[in-house]
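Now for the letters of each chain:
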Amino acid sequence: MIYFLEYPLSLLAIILECLSIRNFGDTFLNTSSKVPKWLSCAIFVLSLFLLVNFSLNNNGIIKLIITYAFIISFFIITYTNSIWAKTIMAIISYTLAYAVDYLYISLSFRQFNIDYEIWLTNPSVYVIIMLSSKFTAYMLSYIVKICFKNRKISTFEKKYFYLSALFPIFSFITLVILLNITFYYNITSYTIVIDVFGIILANIFILTIFDKLSLERELEQEKIILEQQLKTETGNVETVKNMFSQQRKLTHDFSNHIHTIHDMAQREQAQAVVDYTENLLSTVSHRTMVIDTNNI
């Protein structure tokens, strides 16, 4: 049975690892718009799955080195930061995920007094512990993403996140209960293994949907802000347009007044000039501040 589940288990484990390190990358790095994240993740998962299961002859050290190389390549393709920043974040993210994975398995061994041989002889226990450790690393990376990336999250989104978080919490409790039952009663069942796969896949789908809803909410907020800015800029353009129109009218009127005064001055009609200018002053005095400096 364990050999029958080897490839599906390996594929799901790599998917969880990819999602875990992607959560770290999305939190601290800038995503590239050239390559869709789903495409880079699919290429990473498929390539690592084929390489690990069919090319490395179960050499743990070589697998680890190749995994780091694939993760660094994945970060280089997916994000737009400097090479050093992406390389360091790739190493840190996988190291943290690997540490959580190792810690969970070690604690499970100690809690249930399981050794490596017993772990491999009961396929149900093997599958539950393996996937639970990957699932724990994935959930912790998701919590980091929520805490550090989405600080300015709306009240509605917080409530929605708290509600959606209930399912992963109870899923984790369910996995622990299944592990207890399976180990103490030495149960080997396809049904339990299928349930474990189903629980983890359901959590991935739920959290992915929550991410999509959060992204749509963020884009909607940005759209509202841009519409408000566009409305403000449109009003400013109209104001400037009206000001230019008024200025052109004033310039035209001013030119006519100058020509009229010039003609009067040439004809030496001093009184007419005085009367004309007094009429102009009375017309614009309501919108002009005139100060007598006793200096012509």
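Because the structure is a prediction, the values reported are computed rather than measured.

Caption draft 1: A look at the packing of aromatic side chains. Applying the stated criterion across every chain yields a total of six aromatic pairs. Ring centres 5.8 Å apart and planes at 75 degrees place the aromatic pair Phe74 and Phe75 in the edge-to-face group. Under the relative-accessibility criterion, Phe74 is labelled buried at 3%. Relative accessible area serves as the criterion here: at 0%, Phe75 is assigned to the buried category.

Caption draft 2: Fine view of the packing of helix 4 (residues 83–112) against helix 6 (residues 123–148). One way to put it is that helix 4 packs onto helix 6 with a least axis distance of 8 Å and a crossing angle of 135 degrees. The pairing of helix 4 with helix 6 is recorded here as oblique in orientation. Along this stretch, helix 4 crosses helix 6, giving a crossing that reads as right-handed. Together, Ala97, Val100, Asp101, Tyr104, Ile105, Ser108 and Phe109 of helix 4 and Ile129, Ser132, Ser133, Lys134, Thr136, Ala137 and Leu140 of helix 6 make up the contact between the two elements.

Caption draft 3: View of the pattern of salt bridges. Under the counting rule described, the total for this entry stands at four salt bridges. The partner of Glu17 in a salt bridge is Lys134, and the shortest N-O contact between them spans 2.5 Å. Here Glu17, found in helix 1 (residues 6–28), pairs with Lys134, found in helix 6; they are 117 residues apart in sequence, far enough to count as distant. Each of the two residues, Glu17 as well as Lys134, counts as buried. Its salt-bridge partner being Lys134, residue Asp101 comes within 2.8 Å of it at the nearest N-O pair. Residue Asp101 is located in helix 4, and its partner Lys134 is located in helix 6; the two are separated by 33 residues in the primary sequence. The two residues Asp101 and Lys134 agree in class, both being buried.

Caption draft 4: Structural detail: the nonpolar core. In this structure, Val127, Leu131, Tyr138, Val196 and Ile200 are the most contacted members of the largest nonpolar core, which totals 33 residues. Put simply, the parts of the chain that give this core at least two residues each are helix 1, helix 4, helix 6, helix 7 (155–184) and helix 8 (190–266). Ranked by residues supplied to this core, first place goes to helix 6 with 12 residues. Residues in contact with Ile200, not counting those within four places in the same chain, are Leu12, Leu16, Leu131 and Phe135. The next biggest cluster of nonpolar side chains, apart from the first, holds 18 residues, and it includes Val45, Phe49, Tyr79 and Met89.

Caption draft 5: Representation of a nonpolar patch on the surface within the structure. Nonpolar side chains collect at one region of the surface, where Leu166, Ile169, Phe170, Phe172, Ile173, Ile177, Ile181, Tyr184 and Tyr185 lie side by side and expose about 930 Å² of accessible area between them. Given a relative accessible area of 40%, Ile173 falls into the partly exposed group.

Caption draft 6: Just the environment of Tyr102, in detail. Mapped onto the elements, Tyr102 comes out in helix 4. Accessibility expressed as a relative area gives 58% for Tyr102, which makes it exposed. Distance from Tyr102 to Lys134, taken between C-alpha atoms, is 9.5 Å for residues 32 residues apart in sequence.

Caption draft 7: Quick look at helix 2 (residues 37–54). Between the first and last C-alpha of helix 2 there are 25 Å, a value that for 18 residues agrees with the 26 Å anticipated at 1.5 Å per step. Of all the positions in helix 2, only Ser40, Cys41, Phe44, Val45, Leu48, Phe49, Val52 and Asn53 are classed as buried. Buried residues in helix 2, looked at end-on, bunch into an arc of 155 degrees, giving them a common side.

Caption draft 8: Examining the packing of helix 1 against helix 2 more closely. Orientation of helix 1 relative to helix 2, taken along the N-to-C sense of each, is 140 degrees, at an axis distance of 9 Å. Classified by the angle between their axes, helix 1 and helix 2 sit oblique to one another. Judged by the sense of rotation from one axis to the other, the crossing of helix 1 with helix 2 is right-handed. Contact residues: Glu6, Tyr7, Ser10, Leu11, Ile14, Ile15, Cys18, Ile21, Arg22 and Asp26 in helix 1; Lys37, Cys41, Phe44, Val45, Leu48, Phe49, Asn53 and Phe54 in helix 2. By residue class, the composition of the contact of helix 1 with helix 2 is 12 nonpolar, two polar and four charged.

About the thresholds
Residues numbered from 1 in each chain as written. Predicted model: local features only at pLDDT ≥ 70, side-chain atom pairs only at ≥ 80, totals over all residues. Heavy atoms only, no water. Phe/Tyr/Trp six-rings, centres within 6.5 Å; stacked < 30°, edge-to-face > 60°. Buried < 20%, exposed > 50% of the residue type's maximum accessible area, 1.4 Å probe, protein only. Axes fitted to C-alpha atoms, helices over the stretch in contact; angles between N-to-C directions. Helix = DSSP H or I, 4+ residues; strand = E, 2+ residues; numbered from the N terminus. Parallel < 35°, antiparallel > 145°, perpendicular 65-115°, else oblique. Left-handed = near helix turned anticlockwise from the far one by under 90°. Contact = heavy atoms within 4.5 Å. Salt bridge = Lys/Arg side-chain N within 4 Å of Asp/Glu carboxyl O. Core = buried A, V, L, I, M, F, W, Y, C linked by side-chain atoms within 4.5 Å. Patch = residues over 30% accessible without salt bridge, like charges linked within 9 Å, V, L, I, M, F, W, Y side chains within 5 Å. Areas by Shrake-Rupley, 256 points an atom, 1.4 Å probe, with all protein chains shown as cover. Expected span 1.5 Å × (residues − 1). Arc of directions from axis to C-beta. Nonpolar A, V, L, I, M, F, W, Y, C, P; charged D, E, K, R; others polar.

Fair warning: the whole summary comes from geometry, so function is off the table for now.
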